[in-house]
2 protein chains.
Amino acid sequence: MKQFKVAILGASGAVGREMIKVLQERNFPVSELRPLASARSAGQKISFNGQEITIQEINENSFEGIDIVLGASPNKVAKQYKDAIVKSGAVFIDNSSAYRMDPNVPLVVPEINPEDAFKHQGVISNPNCSTIITLVAVNAINKLSPIQAMVASTYQATSGAGANGPIELASQVKALEAGEPVEVKTFQYQIAYNVIPQIGDFLETGFTTEEMKMQNEGRKIMHLPELKVNCTCVRVPVVRSHSISVTAVTKDHLDIETVKNAIANEKGCRLVDDPANRRYPMPLETSDQDIVFVGRIRQDIINENGITLWCCGDQVRKGAATNAIQIAELFIEE
Amino acid sequence: MKQFKVAILGASGAVGREMIKVLQERNFPVSELRPLASARSAGQKISFNGQEITIQEINENSFEGIDIVLGASPNKVAKQYKDAIVKSGAVFIDNSSAYRMDPNVPLVVPEINPEDAFKHQGVISNPNCSTIITLVAVNAINKLSPIQAMVASTYQATSGAGANGPIELASQVKALEAGEPVEVKTFQYQIAYNVIPQIGDFLETGFTTEEMKMQNEGRKIMHLPELKVNCTCVRVPVVRSHSISVTAVTKDHLDIETVKNAIANEKGCRLVDDPANRRYPMPLETSDQDIVFVGRIRQDIINENGITLWCCGDQVRKGAATNAIQIAELFIEE
């Protein structure tokens, strides 16, 4: 089997570390792992397949000889090194949002549009976390009848803001117990025992950048250029796994049992929908896994072609690291 | 001014205690306060306007001479004593759901349908907490153009499950910190660092009893018999104040600035909608108050007659105790 030389851009962050873990777990054929980060994190050791590897400071020459670069950096860093990566001949699978809407860059969820990955010109983008989880959940519905519109409200975990998110939640809980002042750095306001209806920056329309990703990225991934998505993104005091309350309106009426069966048989999905036994997806039960859990599937009350559901998935894994490595795996099979 | 003899049915619970607090705060003209509860709580002392009053065990004769009974008991207790209350000549303002859909019982939010209260035959029902908060938020919209449909996803605080809700959340947080097993009694699953997409019991349709209240009670309160509401109710690890993500579709197209102005001028509402300064409603900032906070108002992406918004309100106060006392206040003015 072909072996790959893999670099991790942003190896010290939450997603970068998870990528290294997932590469190992999934036995990705790695002949060399090259963890890269800024000067601040260079020199740290990471463990991979029993070896200790030192994080190197990134520079323009870091990608020589590399086959695949897994990007777990902010947009700025992705933009700074994109040309050097492409020039080196590596494929850049980038988790930042810098190139997602670039018409020359495929945006891929391997369960949905794997064929798009092969049209790359050196860069493949990994979609937004809530978008990946929601689209995997509704993909089976879209195959039964094209989705025309979705209304979504998210319940996003603190780890979606990076490694500092859960640390801030924990330290706020402790400060409140001790009667000490709560420190706010990562989120806009105290997140402990609160919910915050802002993720990303506000646009003129009143929607946030995060909220528009589900429509914009969803159109590209599902090849539905007319798709309309009204999304509200909310941060909740959960450590890991995003949840989304979704209503999808399709072209044709779909029978609920048909939808449940399709979701149960869909790649990457697990149907957890047994109200009589109080079984439905929850963040606590879906963390540290690569599957999107789907439940509470029911006929929309407003639109006879609507399906309402609830889905949960680990956004650090399926919503980021695992999805990127699943994209890389498409090239093993090739 | 006329003085009223007021009994509290279920005086030892979270809502009952809050009713006593709100009566005092709002200087409700009380000539006698009679706190009633089951044998288990009888004998406890409560404080009211500087007096110490002993909770009495409820029986069929507890309502003699009483003008207003504020009900803060489960449905079973409301049903058990309803006839005795009505027979005594008192008005029963009941926070349980036992009589809400009874055609002979007005269901009242004083900001919306105060006139209905005067049609009572001895019983007036106080609506569901999430329903009250959502309807106060959208009432101004409904006055501009009738609402035809709403999609809502809730973020409901633990205190909505009674006084034990926040106690369970706090004890689970402490158990997790100590590495001890988490005890689950009040909620279906661990609520600390989790969200639970079930409030109430499941119906055949897959919706819960709690979820259907927004449509069924909303129709009655807003006098909109055709209103359709698709609601998903979710418990979140917040102590107090429910939040709701809502899209309301009206008969006519409404301009966003007109909607914002109407909400800013609506009784019982406060507009908190300044994205540039990161101002929007949040549970932490809306607790222990009687106002519904409304923000994130924007044009729906899917339906040109849709308005999307986010609202928060203290469900123990405006969602329960305060609304009941505001109903009672209608009779002072009378």
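In this text the structure is predicted, and so the values were computed from the model without any measurement.

A. Summary view of helix 4 (residues 129-144) of chain A. Residue and element names in this part refer to chain A. Taking 1.5 Å per residue as the helical rise, helix 4 with its 16 residues ought to reach 22 Å, and the 24 Å between its terminal C-alpha atoms agrees with that figure. At V138, helix 4 shows its maximal bend, which comes to roughly 45°. The element helix 4 is extensively covered by neighbouring structure, given that 14 of its 16 residues are classed as buried. Where helix 4 begins, one side-chain oxygen reaches toward the backbone nitrogen of S130, 3.1 Å away; that side chain belongs to N128.

B. A look at the pattern of salt bridges. Residue and element names in this part refer to chain A. The final tally for this structure, using the stated rule, is 42 salt bridges over all chains. Across the pair D290 and R317 runs a salt bridge whose closest N-O atoms are separated by 2.9 Å. Note that D290 is positioned in the loop between helix 8 (283-286) and strand 13 (292-299) and R317 in helix 9 (residues 317-333), a separation of 27 residues in sequence. In this structure, D290 and R317 share a single accessibility class: buried. Where salt bridges share partners, they join E18, K21, E25, R26, R240, D288, D290, D314, R317 and E329 into one cluster.

C. Expanded view of the interface of chain A and chain B. Between chain A and chain B, the contact holds 59 residues from the first and 59 residues from the second. Counting each side, the surface lost to burial between chain A and chain B is near 4900 Å², with a carbon and sulfur contribution of 63%. Counting across the chain A and chain B interface gives 4 salt bridges. Ionic pairing is found between B:R298 and A:E211, a salt bridge with its closest N-O pair at 3.8 Å. Those elements that provide at least two residues to the side of chain A that touches chain B are strand 9 (147-155), helix 5 (164-178), helix 6 (209-222), strand 10 (228-232), strand 11 (242-250), helix 8, strand 13 and strand 14 (306-313) of chain A. In terms of residues, the side of chain A that touches chain B owes the most to one element, strand 9 of chain A, which gives 6 residues. Partitioning the side of chain A that touches chain B into residue classes produces 31 nonpolar, 18 polar and 10 charged.

D. Here's a closer look at the relation of the copies chain A and chain B. Superposition record for chain A on chain B: RMSD 0.0 Å, screw rotation 180°, translation along axis 0.0 Å. Viewed as a symmetry operation, the transformation between the two copies matches a two-fold axis. By residue overlap, the copies meet face to face through one surface: 100% of the interface positions of chain A are interface positions in chain B.

E. Examining the sheet that holds strand 1 (residues 4-9) of chain A more closely. All names here are of chain A. Ordered in space as 5-2-1-6-7-8, the 6 strands form an open sheet in which the pairing is parallel. On the outer flanks of this sheet lie strand 5 (56-57) and strand 8 (123-125), each paired with one strand and no other. Sitting on the sheet, helix 1 (residues 14-25) touches strand 1, strand 2 (30-37) and strand 6 (68-71), and the angle it makes with strand 1 is about 160°. Against the sheet, helix 2 (residues 75-88) touches strand 1, strand 6, strand 7 (91-94) and strand 8, its axis set at about 160° to strand 7.

F. Spatial organisation of the packing of aromatic side chains. Under the definition given, this model contains 13 aromatic pairs over all chains. Residues A:Y155 and A:W310 carry aromatic rings whose centres are separated by 5.0 Å and whose planes lie at 70° to one another, so their mutual orientation is edge-to-face. Of the two residues, A:Y155 sits in strand 9 while A:W310 sits in strand 14, which places them 155 residues apart along the sequence. One exposure class covers both A:Y155 and A:W310, and it is buried. Seen from their ring centres, B:F4 and B:F28 are 5.6 Å apart, and the 45° between their planes marks the pair as tilted. Here B:F4 is found in strand 1 (residues 4-9), whereas its partner B:F28 is found in the loop between helix 1 (14-25) and strand 2 (30-37), with 24 residues between them in sequence. By the ring-pair criterion, three or more aromatic residues cluster together here, those being A:Y155, A:W310, B:Y155 and B:W310. Taking the ring centre of A:F4 as reference, the NZ or CZ of A:K2 above it sits at 4.3 Å.

Cut-offs used in this document
Residues numbered from 1 in each chain as written. Chains lettered and ligands numbered in written order. Predicted model: local features only at pLDDT ≥ 70, side-chain atom pairs only at ≥ 80, totals over all residues. Heavy atoms only, no water. Helix = DSSP H or I, 4+ residues; strand = E, 2+ residues; numbered from the N terminus. Expected span 1.5 Å × (residues − 1). Bend = angle between axes of the 7 residues up to and from the residue. Buried < 20%, exposed > 50% of the residue type's maximum accessible area, 1.4 Å probe, protein only. Polar contact = N/O pair within 3.5 Å; in protein donor to acceptor, adjacent residues only side chain to side chain. Salt bridge = Lys/Arg side-chain N within 4 Å of Asp/Glu carboxyl O. Contact = heavy atoms within 4.5 Å. Buried area = accessible area lost by both parts, 1.4 Å probe. Nonpolar A, V, L, I, M, F, W, Y, C, P; charged D, E, K, R; others polar. Least-squares fit on C-alpha atoms with pLDDT ≥ 70 in both. Pairing = 2+ DSSP bridges. Axes fitted to C-alpha atoms, helices over the stretch in contact; angles between N-to-C directions. Phe/Tyr/Trp six-rings, centres within 6.5 Å; stacked < 30°, edge-to-face > 60°. Lys NZ or Arg CZ within 6 Å of the ring centre and 35° of its normal.

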